[in-house]
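Listed below, chain by chain, are the residues.
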Amino acid sequence: IKELALFRFPDRGSLADYFAYRIEIVDEWLVDWDGACIDGASGVRVWTHGSIACWVASTGSKTARLRWTDERDRSYGVLDGSTQEVDRLYRWWKKNMR
C-alpha cells in the first residue's frame, strides 16, 4: 500500500457530491457496472455501504487506485497501491472493510 487516507463529511449529500466530482476528473473513463474492482477490472460499483471505484492511473506512477464512500460514517476513502494490480488492492480493501 502506497497511500491510505479517510476523510469525513458532514452529511451524505456532500459525500455523494464529492465522490461524483472526484470520479468525474479521473484521467480515464470509468464504467458503472457490477463487476468493477473484481478481478482487477476498472470501473465504479455499489458496495454494501456506499460506492467504490477502481482503476490504474494512466499518468505518473501508473499505480492501482481505489476510492470509496462509506455512508455509515460519511467517509471518503483513498487507497493507492505500489503496483498496477487493482485486484490485489481490492482484495486487501475487501478484507479490511467491515
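Residues numbered from 1 in each chain as written. Predicted model: local features only at pLDDT ≥ 70, side-chain atom pairs only at ≥ 80, totals over all residues. Heavy atoms only, no water.

(A) Region of the structure containing the overall build of the protein. Counting its secondary structure elements, the protein contains two helices and five strands. If you list the helices and strands of the protein from N to C, you get β-α-β-β-β-β-α. With the C-alpha coordinates of the protein rotated into their principal frame, the extents come out at 35 × 25 × 25 Å. Counting across all 98 residues of the protein, residues that qualify as buried make up 41%. About 5900 Å² of surface is accessible on the protein, with carbon and sulfur atoms providing 50% of the total. (Helix = DSSP H or I, 4+ residues; strand = E, 2+ residues; numbered from the N terminus. Buried < 20%, exposed > 50% of the residue type's maximum accessible area, 1.4 Å probe, protein only. Areas by Shrake-Rupley, 256 points an atom, 1.4 Å probe, with all protein chains shown as cover.)

(B) Looking closely at a nonpolar patch on the surface. A cluster of nonpolar residues, I1, L4 and W92, forms a patch on the protein surface that exposes about 300 Å² of accessible area. Positionally, L4 belongs in strand 1 (residues 3-8). (Patch = residues over 30% accessible without salt bridge, like charges linked within 9 Å, V, L, I, M, F, W, Y side chains within 5 Å. Salt bridge = Lys/Arg side-chain N within 4 Å of Asp/Glu carboxyl O.)

(C) Representation of the environment of M97 within the structure. Mapped onto the fold, M97 is located in the segment after helix 2 (86-96). Here the alpha-carbon distance between M97 and H49, two residues 48 residues apart in the chain, equals 9.9 Å. M97 has contacts with W47, W68, D70 and R72, leaving out every residue within four places of it along the chain. (Contact = heavy atoms within 4.5 Å.)

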